2 protein chains.
Amino acid sequence: MSDPTWVPGASGSGFGSDHLPFGRWALPSDEVRVGVRVGDFALDAAIALTGTPWEELFTEPTLNRFLEAGTRTWSDVRATLRRIIADADEALRLEPELMPVDDVTMLLPVDVPDYVDFYASLHHAANVGRLFRPDQEPLLPNWRHLPVSYHGRSGTIVPSGTPIVRPRGQRRGPDGPIFGPSESLDIEAELGFVVGVPSELGQRVSVDEFDQHVFGVVGVNDWSARDIQAWEYVPLGPHLGKSFATTISTWITPMEALLAARCELPDQSPDPLPHLRGTDDGGLDVRVSVEIGGHVISQPPYREMYWSPGQMLAHMTSNGASLRTGDLYASGTISGPDRDQRGSLLELSWNGAHPWPSAGADRSFLLDGDEVVLRYQAQGEFGGITLGEVRGTIVPAV
Amino acid sequence: MSDPTWVPGASGSGFGSDHLPFGRWALPSDEVRVGVRVGDFALDAAIALTGTPWEELFTEPTLNRFLEAGTRTWSDVRATLRRIIADADEALRLEPELMPVDDVTMLLPVDVPDYVDFYASLHHAANVGRLFRPDQEPLLPNWRHLPVSYHGRSGTIVPSGTPIVRPRGQRRGPDGPIFGPSESLDIEAELGFVVGVPSELGQRVSVDEFDQHVFGVVGVNDWSARDIQAWEYVPLGPHLGKSFATTISTWITPMEALLAARCELPDQSPDPLPHLRGTDDGGLDVRVSVEIGGHVISQPPYREMYWSPGQMLAHMTSNGASLRTGDLYASGTISGPDRDQRGSLLELSWNGAHPWPSAGADRSFLLDGDEVVLRYQAQGEFGGITLGEVRGTIVPAV
């Protein structure tokens, strides 16, 4: 079946009617609108849904009322928007309302109350273990029993396109610690999950309740200063090595658009404890591409991730911690088994020991001026869908 | 000089005119008001300041507009309120407006965007090192060079008085990990610092700029499930062992009320790097009291803390991380050199090896039904001031 839409150029663009990611943007007048992307256009949901029961969910400059409304509303709104962009009678009304995405300023799609970052790739965790604890088993004893994770700084989450200032920080020097610009600035190519429906303090959310709470996914680049991180991280984990910036895509792809991308998880051994098991749990077949300076240097496969998005959610709430609308949890670096599937430069360059070739030069970590683009592709109903890209250029330390 | 106020019972109560902590409460009608505590009364700041330039800062059900207004406004509002509660002519107008604090429901004084927890007590960090790494130096190599810290979950910060449900979680068992109610539920007696004036992404805040950004302090109990934490915390730090609840006091004591409590820091050796030094840096002489079941079991002295509040702030922003109004950073467990000055049961019981005596029985960690109260006292201008208490009772796991 081909994609039935009247929106010019939408079919086959990765932003057809099987995708419909949600976002937030400022018009040239500075007014903020919310809605969906179709082809290369932003469509104001309040205008598209005028006269329907859902119009009022989109009249404020935030997606929160829609996100907290739950699965039935998410499905109904999606079905209604699909009908509208397929109905030639609606073209007359709405074609003048389509805003080219290049003419608007994309904002963070949500304000993120709490941000948790996981460590859910076995290949990434094992690579990091081999690098930093070469005399021990690559995986620490807890790794196969729970999805290891920590809280990040939500206040420094920025939308795709925001320049990234090279952070200063304290790191090991030859004669004791020194303070200065990071010399090992890195990326972490990740996928992030956006909570729609909140939960009460004390209420656990099971693996099978994932679909009831999580609205969709964003691309995430969890920028990391490895030298700062290596010095600070014992015993309470990473902080300043991460908290200077995290970039997310400006479009949230609904979980419902990813039904065709659902796949089986890799084998989990040993079996997780019962609170981390679901009856219909699985992974996502999302293909990531890491570009630096226009060169693709890696293609991490999300389908290789060990822990599922539902298991991460169940773990995160297993102690009764509550969820708020807009909470973001990210997968941690996505790395596959092969070298060209690694999602960080730490792994790609083996901490600088084996620089990766790029444009004729060997490189380890990021240089000032480098532009990093993470791209995400998945199977959709009518072909491929293109998840929101994550873009950032390194500018020198101030 | 004695405390000049007409408010009944305020002088000598710990909530005299030299204190004036700010808070937020719900009236029996559910309307939310903000203002200050004087004696055993809550005084609505919008009413008290009617007709002044500051009235409008307090007409919304949040302290944020006041907190972001900055030091000049904080001082002016404080001076005006002091004049009002000293002026007998104002008694006629305002005495009928005083609400007994027992008749209102205290709320979180601020919504906390980002919550960071430090590890700033040398005695605490060394005790934990001796317990968990008995064959090594108690302090890790980075400890004397930077204030070690991590992000906590802001969504599970609750106001004093909220019951604390014993968390479930994964921990080590005799034959592999098991999941169930924590068996080593603990407290961490801390002091927290509330950011008023935000900072821009990329802007460092120096030690000397502390007073320009931090409005005041709250009491903090960073509840900790030691068995969950011990199993999960490598390599990314604590998460589920902490994220189930953090209790803060419902009153924020302004830094200006703590001028008489400023004191010198303990000797810092080696000298911190320049970005962690200030020209007029210091500590706070706040005396903490830990009560369980009505028995005082410990009296941690805040003046023993190694890292200053200004150093914590400078470190936290040294990579350019921005601050938002309401951001909270806590000191980490306050422990002094003596056994009865330790701020956690982990230390008081030496991880269960030397239970502490209480009401005729030896105890290690918290039991269901235990009520924990943290109290904080400091020198004020006219005598002692009583910072907001932090109270919570353990209820069984669900």
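Since we're looking at a predicted model, the values are computed, not measured. (Residues numbered from 1 in each chain as written. Chains lettered and ligands numbered in written order. Predicted model: local features only at pLDDT ≥ 70, side-chain atom pairs only at ≥ 80, totals over all residues. Heavy atoms only, no water.)

### Some points on the overall build of chain A
Along chain A, the regular secondary structure elements total nine helices and 26 strands. Computed over its C-alpha atoms, the radius of gyration of chain A comes to 21 Å, within 12% of the 21 Å expected for a compact globule of 398 residues. Along the three orthogonal principal directions, the C-alpha set of chain A runs to about 70 × 50 × 35 Å. By residue count, 62% of the 398 residues in chain A fall in the buried class. The contacts of chain A with a sequence gap of at least 6 include a subset with a gap of at least 24, amounting to 72%. Mean positive and mean negative side-chain charge positions of chain A (30 and 54 charges, respectively) differ by 4 Å. (Helix = DSSP H or I, 4+ residues; strand = E, 2+ residues; numbered from the N terminus. Rg over C-alpha atoms; globule rule 2.2 N^0.38 Å. Buried < 20%, exposed > 50% of the residue type's maximum accessible area, 1.4 Å probe, protein only. Contact = heavy atoms within 4.5 Å. Lys, Arg positive; Asp, Glu negative; His and termini not counted. Charge placed at Lys NZ, Arg CZ, Asp CG, Glu CD.)

### Examining the side chain of Thr 333 of chain B
Residues and elements named next belong to chain B. Structurally, Thr 333 is set in the loop between β22 (328-330) and α9 (345-348). Polar side-chain contacts of Thr 333 include one of 3.5 Å to the side chain of His 124. Of the polar contacts made by the side chain of Thr 333, one reaches the side chain of Glu 188; its length is 3.3 Å. Beyond its immediate stretch of four places on either side in the chain, Thr 333 contacts Ser 121, His 124, Glu 188, Ala 189, Glu 190, Met 305, Gly 343, Ser 344 and Glu 347. (Polar contact = N/O pair within 3.5 Å; in protein donor to acceptor, adjacent residues only side chain to side chain.)

### Examining the environment of Glu 95 of chain A
Residues and elements named next belong to chain A. Turning to its location among the elements, Glu 95 is positioned in the loop between α4 (88-94) and β4 (99-100). Glu 95 gets classed as partly exposed once you look at its relative accessible area, which sits at 38%. Residues Glu 95 and Trp 6 lie 89 residues apart in sequence; the distance between their C-alpha atoms is 8.8 Å. For Glu 95, the contacting residues outside a window of four places in its chain are Trp 6, Pro 8 and Glu 90.

### Focus on the environment of Trp 143 of chain B
Residues and elements named next belong to chain B. By the element assignment, Trp 143 lies in the loop between α5 (122-132) and β7 (149-152). Using a relative accessible area of 2% as the deciding quantity, one classes Trp 143 as buried. For Trp 143 and Tyr 119, which are 24 residues apart along the polypeptide, the C-alpha to C-alpha distance reads 8.9 Å. For Trp 143, the contacting residues outside a window of four places in its chain are Tyr 119, Ala 120, Ser 121, Leu 122, Ala 125, Val 148, Tyr 306 and Trp 307. Within the structure, Trp 143 has its side chain in polar contact with the backbone oxygen of Tyr 119 (distance 3.1 Å).

### A short note on the pattern of salt bridges
A full pass over the atoms with the stated rule returns 44 salt bridges over all chains. With a shortest N-O distance of 2.9 Å, Glu 31 of chain B and Arg 33 of chain B are connected by a salt bridge. Beyond isolated ion pairs, a larger network of salt bridges with shared partners links Asp 186, Glu 188, Asp 222, Arg 226 and Lys 242 of chain A. (Salt bridge = Lys/Arg side-chain N within 4 Å of Asp/Glu carboxyl O.)

### What about the packing of aromatic side chains?
Residues and elements named next belong to chain A. All told, the structure shown has 26 aromatic pairs over all chains when counted by the stated rule. Their ring planes at 70° and their centres at 5.8 Å tell us that Phe 118 and Tyr 329 sit as a pair that is edge-to-face. Of this pair, Phe 118 sits in strand β6 (residues 115-118) while Tyr 329 sits in strand β22 (residues 328-330); the two residues are 211 residues apart in sequence, bridging distant segments of the chain. Since its relative accessible area comes to 0%, Tyr 329 is described here as buried. Feature note: the residues Phe 22, Phe 58, Phe 66, Trp 74 and Phe 215 constitute an aromatic cluster, connected by ring pairs. In this structure, Arg 37 packs its charged tip against the face of Phe 15, placed 3.8 Å from the ring centre. (Phe/Tyr/Trp six-rings, centres within 6.5 Å; stacked < 30°, edge-to-face > 60°. Lys NZ or Arg CZ within 6 Å of the ring centre and 35° of its normal.)

### Quick look at the interface of chain A and chain B
On the side of chain B, 54 residues touch chain A, which itself brings 54 residues to the contact. For the pair chain A and chain B, the two sides together bury roughly 5100 Å², of which 60% comes from carbon and sulfur. Across the chain A-chain B interface, the total number found is two salt bridges. Put simply, Asp 327 of chain A and Arg 153 of chain B hold a salt bridge, and the shortest N to O gap is 3.2 Å. Our count for the contact surface shared by chain A and chain B stands at 26 residue pairs in polar contact (both at pLDDT 80 or more). Broken down by element, the residue count for the side of chain A that touches chain B peaks at four residues, all from strand β7 (residues 149-152) of chain A. Within the side of chain A that touches chain B, the residues separate by chemical class into 28 nonpolar, 18 polar and eight charged. (Buried area = accessible area lost by both parts, 1.4 Å probe. Nonpolar A, V, L, I, M, F, W, Y, C, P; charged D, E, K, R; others polar.)

### Here we look at the relation of the copies chain A and chain B
In the superposition of chain A on chain B (RMSD 0.0 Å, axial shift 0.0 Å), the rotation amounts to 180°. Interpreted geometrically, this transformation is the action of a two-fold axis. Minimal C-alpha separation from the rotation axis in chain A is found for Gly 237 of chain A, amounting to 2.0 Å. Comparing interface residues between copies, 100% of those in chain A also sit at the interface in chain B, which points to an isologous, same-surface contact. (Least-squares fit on C-alpha atoms with pLDDT ≥ 70 in both.)

### Overview of α5 of chain B
All names here are of chain B. Most of α5 is tucked away, with eight of its 11 residues classed as buried. Of the residues making up α5, those classed as buried are Leu 122, His 124, Ala 125, Ala 126, Asn 127, Val 128, Gly 129 and Leu 131. Taken together, the buried residues of α5 touch α9. Sitting at the head of α5, Ser 121 places a side-chain oxygen 3.3 Å from the backbone nitrogen of His 123.

### A short note on the side chain of Arg 78 of chain A
All names here are of chain A. Among the structural elements, Arg 78 can be located in helix α3 (residues 71-86). Within polar-contact distance, the side chain of Arg 78 engages the backbone oxygen of His 19 at 2.8 Å. The residues touching Arg 78, leaving out its near neighbours within four places in the chain, are Ser 17, Asp 18, His 19, Leu 20, Pro 254, Glu 256 and Ala 257.

### Let's talk about the confidence of the model for chain A
As a general rule, the predicted coordinates of low-pLDDT regions are not to be interpreted in detail. On average, residues of chain A score 96 in pLDDT, and 99% of them are at 70 or above. Among the scores for the predicted complex, ipTM is 0.97 and pTM is 0.97. (pLDDT = per-residue confidence, 0-100.)

### Focus on the pairing of strand β20 (residues 286-292) of chain A
All names here are of chain A. Judged by how many residues are buried, β20 sits mostly within the fold: six of seven residues are covered. As paired elements, β20 and strand β25 (residues 371-379) share seven bridges and run antiparallel to each other. Pairing of Val 286 across the sheet is with Ala 378, part of β25. (Pairing = 2+ DSSP bridges.)

### Regarding the sheet that holds β4 of chain A
Residue and element names in this part refer to chain A. Spatially, β4-β3-β2-β1-β5 is the arrangement adopted by the five strands of the open sheet, whose pairing is antiparallel. Whereas interior strands pair on both sides, the edge strands pair on one side only; in this sheet they are β4 and β5 (105-106). Where strand β3 (residues 41-44) meets β4, two bridges bridge the pair, whose relative direction is antiparallel. Across the sheet, the residue bridging to Phe 41 is Pro 100, located in β4.

### Let's talk about unusual backbone geometry
Residues and elements named next belong to chain B. For the bond running from Val 234 to Pro 235, omega is -5°, close enough to zero to count as cis. By secondary structure assignment, the location of Pro 235 is in the loop between α7 (226-232) and β16 (246-248). In this chain, Ser 269 is followed by Pro 270 through a cis amide linkage whose omega measures 0°. Inspection of the secondary structure puts Pro 270 in the loop between β18 (262-263) and β19 (283-284). Phi is positive for Leu 20, close to 55°, though the residue is something other than glycine. Take Leu 20: it is sitting in the segment before β1 (22-26). Phi is positive for Asp 30, close to 80°, though the residue is something other than glycine.

### Remarks on the sheet that holds strand β9 (residues 164-165) of chain B
Residues and elements named next belong to chain B. With respect to topology, five strands assemble into an open sheet ordered β9-β26-β25-β20-β21, the strand pairing being mixed. Of all the strands in the sheet, just β9 and β21 (295-298) have a single pairing partner and so form its edges. Across three bridges, strand β20 (residues 286-292) lies against β21 in antiparallel orientation. Directly across from Glu 291, in β21, lies its bridge partner Val 296.

### Focus: the environment of Thr 393 of chain B
Residues and elements named next belong to chain B. With respect to the secondary-structure elements, Thr 393 resides in strand β26 (residues 384-395). Between the C-alpha atoms of Thr 393 and Gly 161, which are 232 residues apart in sequence, the distance is 7.6 Å. Ignoring any residue separated from it by four or fewer positions in sequence, one finds Thr 393 in contact with Thr 162, Pro 163, Ile 164, Gly 369, Asp 370 and Glu 371.

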